[in-house]
Amino acid sequence: MFTFQYTEECRSGMYPPNGPTFEGDVSWYTVNLDLPPNKRWTDVITDKKKDMVSMIQAIRDLADAFVPSGKLIDLVDKDLPLMVDTLPYPFNEEIRGIASVSGVSLGEVVLFNIFYEVFTVCTSLVAEDVNGNLIHARNLDFGLFMGWDLKNRSWIITEKLKPLVVNIDFRRNNQTVFKSTNFAGYVGMLTGIHPHSFTLTMNERFTLDGGYIGILEWILGKRDGMWMSFLTRSVLENATSYESAKALLSDTKLLAPAYFILGGNQPGQACIITRSRTHSISPLELDVKNGRWYVLETNYDHWKEPLFLDDRRTPAMKCMNQTTQAVSVATSMMSFHISFSDLSNTYLSGCSYIRDCPNPCMPW
């Protein structure tokens, strides 16, 4: 029997972050939804062009290492561009615009935008404090297991993605529609805030009927499911309440299984929506009266034990339980924080930081 020894201890006073774990704030950009889709990301991509090219080259190098024949790169360069025509509007046109501005091939931008349907790991939680305020926080761990850099003791793609992390204010008619922390060049959404209504994060769910199957079906012409990150973007852009967002996230058919972690603007409004590709399974609701003052999700079903090599749930719950319901933004241990700090006025604040794991650091 294997046991896993955690060396990380629970800490308080970590917000805002400082010291060796703090790499910097995340810059803000505006995406104008009134512009034609192929023009919306021009300012962001112009600013992040060099970093995007560097990240794509790292992916190509990894692909060459795994498939030295070059056939995988040929697939990306020749076949994936054809896939953009099948993607839903306006996402397909936004992807075309990103490719045009960045100089990165269309196939590589498509690959970047379907990456989340295949593999990533994250931790998300929503907690209610003693005053009924909700705190929604997450770690966005994208790029794990994508090549280990011995020199920097980190995952290669993770390091390449860090400079691409951006905060985005999506606006229409000069008014904020929603805000998100995302990657430049990625048109779907992983994390977001719909002002005065709800907060939303998405984590991947590992099952046999996973993203590979959905993508293959899409390529073969079966396109009755929605891409996870496109659904999240659509919900943030169009839903107007916690309940309407919950319904869309629970009932929309997907290409890949997922976890949606949703917070509202009233006490008690928080849940984990565990999704198969067709329906919601065993939703977990906030239930403060019965002692469940937070809901927490990594990448494993909440009713099952996590993989022993990747048990992020146990230390996260240990720290939450140790903190007690006196939790605040100042005690949160996540890299992205969203908080409804005044429910009477539905005042909304969100912030994100780029973090590092100083040596000695475990690979996950």
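Residues numbered from 1 in each chain as written. Predicted model: local features only at pLDDT ≥ 70, side-chain atom pairs only at ≥ 80, totals over all residues. Heavy atoms only, no water.

(A) The arrangement of the overall build of the protein in detail. On a plain count of helices and strands, the protein comes out with nine helices and 16 strands. Per-residue burial for the protein yields a buried fraction of 52% across its 364 residues. Long-range pairs, those at least 24 residues apart, make up 67% of the contacts in the protein between residues at least 6 apart in sequence. Carbon together with sulfur atoms contributes 55% to the accessible area of the protein, which is approximately 16500 Å² in total. (Helix = DSSP H or I, 4+ residues; strand = E, 2+ residues; numbered from the N terminus. Buried < 20%, exposed > 50% of the residue type's maximum accessible area, 1.4 Å probe, protein only. Contact = heavy atoms within 4.5 Å. Areas by Shrake-Rupley, 256 points an atom, 1.4 Å probe, with all protein chains shown as cover.)

(B) Geometry of the UniProt feature "active site" (unreviewed entry) in the protein. Under the local residue numbering, the UniProt record ascribes the feature "active site" (unreviewed entry) to Cys122. According to the relative accessible area criterion, Cys122 is buried, its value standing at 0%. (UniProt positions renumbered as here; feature names shortened; annotations may be inferred.)

(C) Up close: unusual backbone geometry. Cis rather than trans, the peptide bond between Tyr89 and Pro90 has omega equal to 5 degrees. The residue Pro90 is located in the loop between helix 2 (71-83) and helix 3 (91-102) in this model. Here the phi dihedral of His196 falls at roughly 65 degrees; this positive angle occurs in a residue that is not glycine. Position of His196 among the secondary structure elements: in the loop between strand 9 (191-194) and strand 10 (198-204). Notably, Thr324 is not glycine yet its phi reads approximately 70 degrees, a positive angle. Tracing the backbone through its elements, the reader meets Thr324 in the loop between helix 9 (313-323) and strand 15 (336-342).

(D) Representation of the sheet that holds strand 11 (residues 258-263) in the model. Here eight strands make up an open sheet; going across it, the order is 2-7-8-9-10-11-12-13 and the pairing mixed. A strand with exactly one partner marks an edge of an open sheet, and here the two such strands are strand 2 (28-32) and strand 13 (280-285). Strand-to-strand, the axes of this sheet are offset by a mean angle of 20 degrees, without reference to chain direction. Sheet strands in contact with helix 7 (residues 228-238) are strand 7 (165-172), strand 8 (175-183), strand 9, strand 10 and strand 11, and its direction is about 180 degrees off that of strand 10. (Pairing = 2+ DSSP bridges. Axes fitted to C-alpha atoms, helices over the stretch in contact; angles between N-to-C directions.)

(E) Spatial organisation of helix 4 (residues 106-114). Summarising burial for helix 4: seven of the nine residues are buried, a large majority. Among the residues making up helix 4, those that are buried are Gly107, Glu108, Val109, Val110, Phe112, Asn113 and Ile114.

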